[in-house]
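Structural features, examined
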Amino acid sequence: MLKKFIALPLAALLLAGSVISASADNIGKTSVQIKTVNFTKVSSKKIKLKWSDGKDPMVKTYLLQRYNASSKKWTTIAKINSDGKKGNNTYSYTDVLSSSAPQQYKYRVNVKVSNSDMYKAVNGVSAYASNIKVCIDPGHFAGKNGGTYGYFEGDATLKIALEMRDLLKKEGIGTYLTRTDGNITVGGQTNVDDGNQLGARAKTAKANKCDMFLSVHTNANNANANGRDTVNQPNNLNKTVIFVNYAAYSRGANSPVVIAANKAGGYLTSVNKQLGIPTNAWQGLKSGKPYTYCTTVANETVETDAFIAYNDKVKQKGRVIFRSLNTRSSDYYAVLRTATVEGVPGMLIEHSYHTVPAFCKKFMSTKYVAKYYALADAKAIGQGYGFKTLSKLP
Ligand SMILES: [Zn+2]
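Counting restarts for each chain: residues are numbered from 1 in the order of the written sequence. Reporting in this predicted model follows two pLDDT cut-offs: at least 70 for local features of residues, and 80 or more for side-chain atom pairs to be given and counted; totals over whole chains, interfaces and linings ignore these cut-offs and use all residues.

**Topic: the overall build of the protein chain**
Scanning the protein chain for helices and strands turns up nine helices and 18 strands. Burial analysis of the protein chain (394 residues in total) assigns 45% to the buried set. Residues are treated as contacting if the C-beta atoms built from their backbones sit within 7 Å of each other. In the protein chain, once contacts between residues fewer than 6 apart in sequence are set aside, the share between residues at least 24 apart is 71%. Put simply, DSSP marks the helices as runs of H or I at least four residues long and the strands as runs of E at least two long, and each gets a number from the N terminus on. To sort residues by burial, count the other C-beta atoms lying within 10 Å of each one's C-beta; a count of 20 or more means buried, 12 or fewer means exposed, and anything in between means partly exposed. C-beta atoms are built from the backbone.

Following this line, the structure appears as structure tokens:
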């Protein structure tokens, strides 16, 4: 062991001889690197980038740069001089885009140092940003809708939503959450799951400039619960069910939310399978085919009878559903209906069934169920907008 400790510095000295001319200028200098650049969607054509002034004394100028994926080049889009004093301001710059189409970019902040004898500039750490923002609505509130093994839907939906917020940020997608803890206060009410409060949840999507509304849920599955078509539904049926609202449905199969919904269905089916959660997603699973959830688009099933839940049939393959109330343009679910009225395309994902004990047991015994559901959703959302996604599925 002693030999090794001696050998290392010797080797380092010998090696240094060959590279010393290149790095001599930097010996003993403090590296200056901006590691975090945050983003906010200002509008569909404006992204605001922000970073800390913590390095101010060492920085002369900040260079905000944007990466062009097609030319593979970084371009400086703003130069901002440091005031030399840290702690008195935060730097920001609003990037104005050439169009309002969904766009994802990488940004970083490089620096010119204030004293090149003392400091050395290192390229900033890049981060994705975009002009897309998603309203995540963790269904219900703490303690609502109990399953077995201590599972509550209102607690699980928050866990999934918080994970998803972090993952979407990595993809450069902004988020607004209708709640970030066990309680929800909107529409002048706290923790009331009525039409007024559900509508108020959706209204926050528009108010916060969101491009998509996503309500996170798990389903209940009592025989008879969904009316005559599900009267023979077994209590162990477990299948991801995704409803898009009319605002999404009417935009067609190639619109971001419908693409995302279809992808999420497939990914969640795959995740349930990988986690060992029994699923009746569809026959493809049994036959060993890929875990395809949907071969169809959202407009295949249009329900005009509110009491029929076709998708709960055991033998029907998974698909994205638009479920209407009385008229075709009126969504069955209040939360989705209001999102439509507000002009925000959205979806409600029933990730699994909390009436299925095997699901509850798994969810409560490992953090990975919430994590992987969030991964599936985040990846699907990024792909819906044609973005590069960072999330890897298990
Ligand atoms: Zn629910």
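**Examining unusual backbone geometry**
In this structure, Asn145 is a non-glycine residue whose phi angle is positive, near 60°. Along the chain, Asn145 turns up in the loop between strand E10 (133-138) and helix H2 (153-170). With 21 C-beta atoms packed within 10 Å, Asn145 lands in the buried category. Phi at Lys209 is positive, roughly 60°, even though this residue is not glycine. You can see Lys209 is positioned in the loop between helix H3 (195-207) and strand E14 (212-219).

**Some thoughts on the sheet that holds strand E5 (residues 73-81)**
The pairing criterion is simple: DSSP has to find at least two bridges between the two strands. Across the sheet, which stays open at both edges, the four strands sit in the order E5-E4-E7-E9 with antiparallel pairing between neighbours. Of all strands in the sheet, those with a lone pairing partner are E5 and strand E9 (127-130), marking the two edges. The sheet shows a mean angle of 35° between the axes of neighbouring strands, direction not considered. With eight bridges joining them, strand E4 (residues 59-68) and strand E7 (residues 104-113) adopt antiparallel strand pairing. Bridging across to E7, Val59 finds its partner in Val113. Here the axes come from fitting lines to C-alpha atoms, over the contacting stretch only for helices, and the angles between their N-to-C directions go from 0 to 180 degrees.

**With respect to the pairing of strand E15 (residues 241-244)**
Residue alternation in E15 divides its side chains into two sets, Val241 and Phe243 and Ile242 and Val244, and both sets are buried. The pairing of E15 with strand E18 (residues 346-353) spans four bridges and is antiparallel. In the sheet register, Ile242 faces E18, and the bridge partner there is Ile349. With three bridges joining them, E15 and strand E17 (residues 320-323) adopt parallel strand pairing.

**So, helix H8 (residues 357-365)**
Turning to H8, its buried residues are Phe359, Cys360, Lys362 and Phe363. For H8, the angular spread of the buried residues around the axis is 165°, confining them to a single face. Contacts from the buried residues of H8 go to H2, E18 and helix H9 (368-384). Comment: arc refers to directions from the helix axis out to C-beta atoms.

**Some points on the pairing of E18**
Within E18, eight of the eight residues are buried, which leaves it mostly tucked inside the rest of the structure. Examined bridge by bridge, E14 and E18 share six bridges and lie parallel to one another. Bridging from a neighbouring strand, His217 pairs with Glu350 of E18.

**Description of the sheet that holds strand E3 (residues 46-52)**
One open sheet holds the three strands; their spatial order is E2-E3-E6, and the pairing between them is antiparallel. Every interior strand has two partners, whereas the edge strands, strand E2 (38-43) and strand E6 (90-96), have only one. Between one strand axis and the next, the sheet turns through 25° on average, direction left out of account. Across seven bridges, the pairing between E3 and E6 is antiparallel. Counted as the bridge partner of Ser52 is Thr90 from E6.

**Describing the packing of H3 against helix H7 (residues 334-341)**
Across the interface, H3 lies against H7 with an axial gap of 8 Å and an inter-helix angle of 40°. Here H3 is positioned oblique relative to H7, judged by the angle of their axes. The hand of the H3/H7 crossing is right-handed. Facing Gly195, Leu198, Gly199, Arg201, Ala202, Lys203 and Ala205 of H3, the residues of H7 in contact are Ala334, Val335, Thr338 and Ala339. Three classes are used: nonpolar for Ala, Val, Leu, Ile, Met, Phe, Trp, Tyr, Cys and Pro, charged for Asp, Glu, Lys and Arg, and polar for all others, with Gly counted as polar. Grouping the amino acids of the contact of H3 with H7 by side-chain chemistry returns six nonpolar, three polar and two charged. An angle counts as roughly parallel when it lies under 35 degrees, as roughly antiparallel when it exceeds 145, as roughly perpendicular when it falls between 65 and 115, and as oblique in every other case. Each crossing gets its handedness from the near helix: less than a right angle anticlockwise from the far helix is left-handed, clockwise is right-handed.

**As for the environment of Ala339**
When you line up the elements, Ala339 lands in helix H7. For Ala339, a count of 33 C-beta atoms within 10 Å translates into the label buried. In this structure Ala339 touches Ala202, Ala205, Phe213, Asn245, Ala247, Val344 and Gly346, once residues within four positions along its chain are discounted.

**Structural notes on the nonpolar core**
Nonpolar core, as used here: buried Ala, Val, Leu, Ile, Met, Phe, Trp, Tyr and Cys residues forming one set through C-beta atoms within 7 Å. In this structure, Ile242, Val244 and Met347 are the most contacted members of the largest nonpolar core, which totals 67 residues. Beyond its immediate sequence surroundings of up to four residues, Ile242 is in contact with Ala261, Ala264, Gly265, Val320, Ile321, Met347 and Ile349. Membership of the second largest hydrophobic core comes to 22 residues, among which are Ile34, Met58, Tyr62 and Ala127.

**A closer look at H3**
For a helix, the expected span equals 1.5 Å multiplied by the residue count minus one. With 13 residues, H3 should cover 18 Å at 1.5 Å per step; its first-to-last C-alpha distance of 18 Å lies within 8% of that length. Where H3 is concerned, the buried positions are Gln197, Leu198, Ala200, Arg201, Ala202, Lys203, Thr204 and Ala205. Of the surrounding secondary structure, the elements contacted by the buried residues of H3 are E10, strand E11 (174-177), strand E12 (185-186), strand E13 (189-190), E14 and H7. Downstream of H3 by a residue or two, Lys209 has a phi angle that is positive, lying close to 60°.

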